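# Fold and geometry: a report
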Amino acid sequence: MSAARVHLFDTTLRDGAQTTGVDFSLDDKRAVASLLDRLGVDYVEGGYPGANPLDTAFFERKATRRAKFAAFGMTKRAGRSAANDPGIAALLEAKADAIVFVAKAWDYHVHVALEISLEDNLAGIRESVAAARAAGREVMLDCEHFFDGYKANPDYALACARTAYEAGARWVVLCDTNGGTLPDEIGAIVREVAKAVPGDNLGIHAHDDCGCAVANSLAAVEAGARQIQGTLNGLGERCGNANLVTLIGALKLKERYRDRFALGVDDGQLAELTHVSRALDEMLNRAPNRHAPFVGASAFATKAGIHASAVLKDPRTYEHVAPEATGNTRKVLISDQGGKSNLVAELERIGVTLGRDDPRLNRVLQEVKEKEAQGYAFEGADASFFLLVKRILGEVPEYFSVERFAVNVERRYNALGELVTFSEAIVKVQVGDDVLISAAEGDSGPVNALDIALRKDLGRYQSLIEGLRLLDYKVRIFQGGTDAVTRVLIESGDETGERWTTVGVSANIIDASFQALVDSITYKLARAGATA
Ligand SMILES: CC(=O)SCCNC(=O)CCNC(=O)[C@H](O)C(C)(C)COP(=O)(O)OP(=O)(O)OC[C@H]1O[C@@H](n2cnc3c(N)ncnc32)[C@H](O)[C@@H]1OP(=O)(O)O
Ligand SMILES: CC(=O)C(=O)O
């Protein structure tokens, strides 16, 4: 039996744009469309032309090469013809291959939200679909609230779906708009609908309000639907949409799906999945979800010593699929939960080979456990771990020593009577025989001032740290024994695109930050091959 083709429809740029805190620029939209195009999705829904100037501008030219470019909008308003409806005119003007109409499929919504008759709503569907078909477009109907509508009045929900299909819609998409439907209900209802509209013309659009959007999409496909709508990383209104990244991983890699269903995403494109997911977060300035299935930094990370020992013998002991398949990597973490197996694996990753009987391995393990007891966390601070090991092996010299630093923070009114905060820092370092003193002001607080002062003059090492940048700063305060302890993680990067994370721990947040800053610079110097 040949595999059934399942079409992927991405709505990151339309439903994803309805996510709280997400605002795409025109350039962002173009970049996301091209990421999706390369990933191999079948449709990219670009937005709602006519609803706002940005979306209208986005549809002035086609934004995809391979995927079909889809424009979204509502069916015609009651009381006017499709030819006379400005919303439909904007959709037809858009440079889109496909037009997606949204229409209510729940009688209650037709009465309460649209305040029109059930027949007028059906006429809106029929005439809108026909108008777009007459203009030569592929047409879809998103049946809003289909599942709630079906439970309340199955005949009417079905009439909406059938009307769109009979008017020429290529796809009738059943939407779980409020996200409250569960997988078994989705499966049962899709099976019933497939008796009226062929499964090859049915799509699913699931919201994640019960945490079931991915499961619901899979249930719909099992029941016969052949188009899945979703978004990258599950962006979308309220709790989001079905996460297309997870769905692609599941459909391509899980045995029960991969032989029965074919996607437009090939294995090479699948290996880009982690990159695509993280590139979107990067663009939106959001920290990637470490725990995201298939693509998260922790998706193939092993912390427990017992697991690490088995993973090193055969990764399949604790991995349901191979990390490389989605472009992810296996990580064996170093922490107080780990033993020698974790350590040997992690040392090999950073290019250090130590036998299990090498006494230096015990020293590293002991120091890691002692530091973790003080509050350090090396699983998220790869560069500090690298330095800890290299120091024990005597391979990192002390490039500079800090004799003292001081920070001053002021909150005051300036000459214009405005309230301002102001930070300044002084750092005194010794580099070889030179004692260097630098002062700096920080726009965004004392750590920023300290960072600028510390990197202002490192004597002969200065040219090696010119490209260093601080990218992220995280603080966690927790109880260590009887006192509060602050842990600071700093992510840095440089002109080569390399990123690394360092950690500092102290009762004092500035001191913890300073330790992480010093480690970041030391790491950069060590990677640059600097000598003492
Ligand atoms: C489930 C979903 O995610 S659907 C997608 C929702 N997305 C968006 O709404 C984002 C873009 N929307 C917008 O910018 C605006 O809502 C616009 C431009 C589309 C319309 O703006 P306005 O004309 O000011 O209308 P407003 O937003 O206040 O209300 C929506 C109107 O559309 C009507 N409507 C809603 N769905 C439909 C439909 N499928 N067919 C016809 N009319 C509809 C409503 O009854 C309401 O009409 P009313 O103004 O006569 O009460
Ligand atoms: C169309 C859509 O986004 C929904 O019904 O959820």
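Above this text sits the structure in question.
Source: prediction; values computed, not measured. (Residues numbered from 1 in each chain as written. Chains lettered and ligands numbered in written order. Predicted model: local features only at pLDDT ≥ 70, side-chain atom pairs only at ≥ 80, totals over all residues. Heavy atoms only, no water.)

## Concerning the sheet that holds strand E15 (residues 434-442)
As summarised here, the arrangement of the three strands in space is E13-E14-E15, forming an open sheet in which the pairing is antiparallel. Each end of this open sheet is capped by a strand with a single partner; those strands are strand E13 (401-413) and E15. Looking at each pair of strands side by side, their axes are set apart by 10° on average, direction ignored. Relative to strand E14 (residues 419-431), E13 is paired through 12 bridges, and the arrangement is antiparallel. Residue Ser401 lies in a different strand from E14, and its bridge partner there is Gln430. Packing of helix H18 (residues 446-456) onto the sheet brings it into contact with E13, E14 and E15, and relative to E15 it is tilted by some 145°. Sitting on the sheet, helix H19 (residues 509-527) touches E13 and E14, and the angle it makes with E13 is about 130°. (Pairing = 2+ DSSP bridges. Helix = DSSP H or I, 4+ residues; strand = E, 2+ residues; numbered from the N terminus. Axes fitted to C-alpha atoms, helices over the stretch in contact; angles between N-to-C directions. Contact = heavy atoms within 4.5 Å.)

## A closer look at helix H13 (residues 273-284)
Residues three or four positions apart in an α-helix share a direction because the helix packs 3.6 residues into each turn. For H13, with 12 residues, the first-to-last C-alpha span of 17 Å sits near the 16 Å given by 1.5 Å per residue. All of the buried residues in H13 are Leu273, Thr274, Val276, Ser277, Ala279, Leu280, Asp281 and Leu284. Where H13 is buried, its residues contact helix H1 (26-39), helix H10 (244-253) and helix H12 (267-270). Positive phi appears at Asn285, one or two residues downstream of H13, with a value of about 60°. (Expected span 1.5 Å × (residues − 1). Buried < 20%, exposed > 50% of the residue type's maximum accessible area, 1.4 Å probe, protein only.)

## Topic: the site of ligand 1
Near ligand 1 there are 16 residues, and of these Gln18, Tyr48, Thr75, Arg77 and Val102 occur at the shortest range. One of the backbone nitrogen or oxygen atoms of Val102 is found 2.8 Å away from a nitrogen atom of ligand 1. Ala113 has a polar backbone atom sitting 3.3 Å from an oxygen atom of ligand 1. In isolation ligand 1 exposes 1,000 Å². Once the protein is present, 54% of that is buried. If you list the elements that add at least two residues to the shell around ligand 1, you get strand E4 (68-74), strand E5 (98-104) and helix H4 (107-114). Of the residues forming the shell around ligand 1, the biggest block, three residues, is contributed by E5. The residue makeup of the shell around ligand 1, split by class, is eight nonpolar, three polar and five charged. (Near = heavy atom within 4 Å. Polar contact = N/O pair within 3.5 Å; in protein donor to acceptor, adjacent residues only side chain to side chain. Areas by Shrake-Rupley, 256 points an atom, 1.4 Å probe, with all protein chains shown as cover. Nonpolar A, V, L, I, M, F, W, Y, C, P; charged D, E, K, R; others polar.)

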